[in-house]
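Now for the letters of each chain:
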Amino acid sequence: MSELQLKRIDSFEWEIPRGAVAGMRVPARLFADEELLAAIRGDRSLEQLANMATLPGVVDWALAMPDIHQGYGFPVGGVAAMDAEEGVVSPGGVGYDINCGVRLLALPLSAAELGARREPLVHELARRVPVGMGGRGAHEGVRGANLERVLAEGPRALLEELGIGSEEDVRLTESAGRLEGAEPAAVSARARERGSGQIGTLGSGNHFLELQRVERIFEARAARAFGLSEEQVTVLIHSGSRGLGHQVCSDYVKRMDRALARHRIELPDRQLSCAPLGSPEGRAYLGAMAAAANFAWANRAAIAHRVREAIAQVLGSETARATRQIYDVAHNVAKLELHGGRLVCVHRKGATRAFPPGHEEIPAEYREVGQPVFIPGSMGTASFVLAGREGSMRRSFGTACHGAGRRLSRTAVRRAVEGAALRRELEERGIAVRAASARGLAEEAPEAYKDVERVVEVVERVGLAVRVARLRPIGVIKG
Amino acid sequence: MSPPPASSQMSSPPAGSPALGSGAAAVHRWVEHTGELELELEAGSEREVLAEALEALGQLLAGDDRPSDRIGAQRTIRVSAPDPPALLAAFLEELIFLAESEGFVPCALERLELRAGELEAVVAGALGRPRPLVKAVTYHRLAFEPADGGYRARVVLDV
């Protein structure tokens, strides 16, 4: 339970003043309503947020989105921008699952047209998309992928060498699926060993594949631009850089930890280990992180390919060809961006870029309505499509949240929920479920998460993004 | 994704026992953490803390399928680190890598040599399908230090 005193800025913004925790260089700010704040106070999130503000070169504020919860080093939902000249990069501030993110596909049919083929489609999706981490599913990635090219170029490497995806898919991906400055040589042999064979696999934990229907459109113009209509069927893919990204983070947390004294950096938590952006350690990490991010985009591209194969099998090849990628967003990454005329390295740890209308990095067909942002809820509730708004540039370094945010630990939710009963309940509500284990299913139960409707409302009221559509699950495949 | 039930984790009296010195039984427990898994360890010696950490991780990876009755594999681990907490993290990281890459579920520490900043261990275990859960060993609130005549440690696992 946090005892940190918060100052209220307005209805949905709170501040931890500089000085609340020793070494804070800037204040820390949080977007939440009072009910969310009560949940946030229940763990160490706020202490972790204040610790972020001690990092050298941090500018303006350390920030937290309304889905913030306790993580390691940074809280999940943490955002910090570091001055490009004087700041640091922190691998723990990006997280182990580098470029964990979500990709949304839209099918050219309605839930009614899908009808009784829903269950066979969920079955086929589960059969074709490997789940799990070690053992089963670990080495069932797409065959023939050239790892060097994937690390350097992301999904374009799969498109050109294996015919996976399309030019449009690549274009409708954040950063076109390729972070500048990727340096494959900075990725260790062990990271490559862990990642080889994992391109096209979902992973475990909170990773999922969800079949959905568009329940409601809130913003018609943006929905038209994104190609979404009510009752349309969609598929949401949530995965990341698998073992490769985990190892890159581990390697560089350790390397920077050993270099802290040389850089005269003192930290309240070793997991915040960091190095100046221009130092050998900082540059090497940025190169390796970009390579891992490219790997993650390729992974989601390969999963999307397998989703289209399943659609072709059940609904026909014409439906698969007409299944369109709406967008793909990263939510664990550090990027050099211009904010307020300054070049800064924005760390987003469980947070989504949400650029407003007119931003040049938004694909042309979406530029007038804002960048698509996806906020998955939990498997029994709903997910949201939003569009970035101007408030994000003024208040959050162009960022919105990434999900509902956990409320209960895995132990606590398993005390309250039994996997088999949850499966029955979901199926009674029209959600077909495939899960690697009943225990894993229980740990991701809706009760484990905050109310996504409330989280999204805060994002909208603060002006970071606007609701475009609500998606209701009709099938879930859990890693 | 979750640790075994709390009741199964205590191999001795709960944490907080006043004396941890030589002869005290080793203890591990999983502490509530919203997003990840936090492991606390107590024992009379550094070696016993490492053995208990292996025991805890083995239970976690095995899940309901405790493979101790079919031990048939053995792996040697060599790691180095600048200090004891980092050495504990490196040891667990190697075990997680073996689980992910080979399906090796650790069951017992057969031999351990500890030198300043270095560790060599022979680990007995079973080859199977470990539960897919731990991504990494973090440095968040990492600790491994003398306490009450014995040793205490804490490590947070990213899941």
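Asks: With reference to specific residues and values, describe the overall build of chain A.
Replies: The number of helices and strands found in chain A is 17 helices and 19 strands. Here chain A has a C-alpha radius of gyration of 21 Å; the compact-globule value for 479 residues is 23 Å, and the two agree. Dimensions of chain A, computed from the C-alpha atoms along their principal axes, are close to 60 × 45 × 45 Å. Expressed as a percentage of the 479 residues in chain A, the buried residues total 63%. In chain A, once contacts between residues fewer than 6 apart in sequence are set aside, the share between residues at least 24 apart is 76%.

Asks: Give a detailed account of the pairing of strand E8 (residues 150-158) of chain B, specifying residues and quantitative values.
Replies: Residue and element names in this part refer to chain B. Counting buried positions along E8 gives 7 out of 9 residues, so the element sits mostly inside the fold. In this sheet, E8 lies alongside strand E2 (residues 37-43) in antiparallel orientation, the contact comprising 7 bridges. By the bridge assignment, Leu 37 is partnered in E8 with Leu 157. Across 2 bridges, the pairing between strand E6 (residues 136-137) and E8 is antiparallel. Across the sheet, the residue bridging to Val 137 is Leu 157, located in E8. Here 5 bridges tie strand E7 (residues 143-147) to E8, and the two strands are oriented antiparallel to one another. By the bridge assignment for E8, Pro 146 is matched with Tyr 151. Adjacent in sequence and paired antiparallel, E7 and E8 are bridged by 2 residues, among which Asp 148 carries a positive phi angle near 50°.

Asks: Give me the packing of helix H10 (residues 242-259) of chain A against helix H11 (residues 280-315) of chain A: which residues, what numbers.
Replies: All names here are of chain A. Packing of H10 against H11 leaves a shortest axis separation of 9 Å and a crossing angle of 170°. As the angle between them shows, H10 and H11 are arranged roughly antiparallel. Of the residues in H11, those touching H10 at Arg 242, Leu 244, Gly 245, Val 248, Tyr 252, Arg 255, Met 256 and Ala 259 are Glu 281, Tyr 285, Ala 288, Met 289, Ala 292, Phe 295, Ala 296 and Asn 299.

Asks: Tell me about the interface of chain A and chain B, and name the residues and values.
Replies: In this complex, chain A contributes 40 residues to the contact, which on the side of chain B involves 29 residues. Residue contributions to the side of chain A that touches chain B peak at 7 residues, all from H10 of chain A. Residues belonging to the side of chain A that touches chain B are distributed by class as follows: 9 nonpolar, 17 polar and 14 charged.

Asks: Give a description of the environment of Pro 363 of chain A that names residues and reports values.
Replies: Residues and elements named next belong to chain A. Looking at where Pro 363 falls in the secondary structure, it is placed in the loop between strand E14 (351-353) and strand E15 (372-375). You can call Pro 363 partly exposed: it has 16 C-beta atoms within 10 Å. Separated by 192 residues in the primary sequence, Pro 363 and Arg 171 place their C-alpha atoms 7.1 Å from one another. Contacts of Pro 363, omitting those with residues within four sequence positions, involve Arg 171 and Leu 172.

Asks: So what's going on with the sheet that holds strand E3 (residues 73-80) of chain B? Residues and values would help.
Replies: Note: strands within a sheet are paired through backbone hydrogen bonds, in either parallel or antiparallel orientation. Residue and element names in this part refer to chain B. With respect to topology, 3 strands assemble into an open sheet ordered E3-E5-E4, the strand pairing being antiparallel. Each end of this open sheet is capped by a strand with a single partner; those strands are E3 and strand E4 (104-115). Averaged over all pairs of adjacent strands, the angle between strand axes in this sheet comes to 20°, irrespective of strand direction. Bridging between E4 and strand E5 (residues 118-127) involves 10 bridges; their strand directions are antiparallel. Bridge pairing in E5 links Leu 109 to Val 123. Its contacts with the sheet place helix H1 (residues 46-62) against E4 and E5, and it is angled at close to 165° to E4. Each of E3, E4 and E5 touches helix H2 (residues 84-102); the most contacted strand, E3, lies at about 140° to it.

About the criteria used
Residues numbered from 1 in each chain as written. Chains lettered and ligands numbered in written order. Predicted model: local features only at pLDDT ≥ 70, side-chain atom pairs only at ≥ 80, totals over all residues. Helix = DSSP H or I, 4+ residues; strand = E, 2+ residues; numbered from the N terminus. Rg over C-alpha atoms; globule rule 2.2 N^0.38 Å. Buried ≥ 20, exposed ≤ 12 C-beta atoms within 10 Å, placed from the backbone. Contact = placed C-beta atoms within 7 Å. Pairing = 2+ DSSP bridges. Axes fitted to C-alpha atoms, helices over the stretch in contact; angles between N-to-C directions. Parallel < 35°, antiparallel > 145°, perpendicular 65-115°, else oblique. Nonpolar A, V, L, I, M, F, W, Y, C, P; charged D, E, K, R; others polar.

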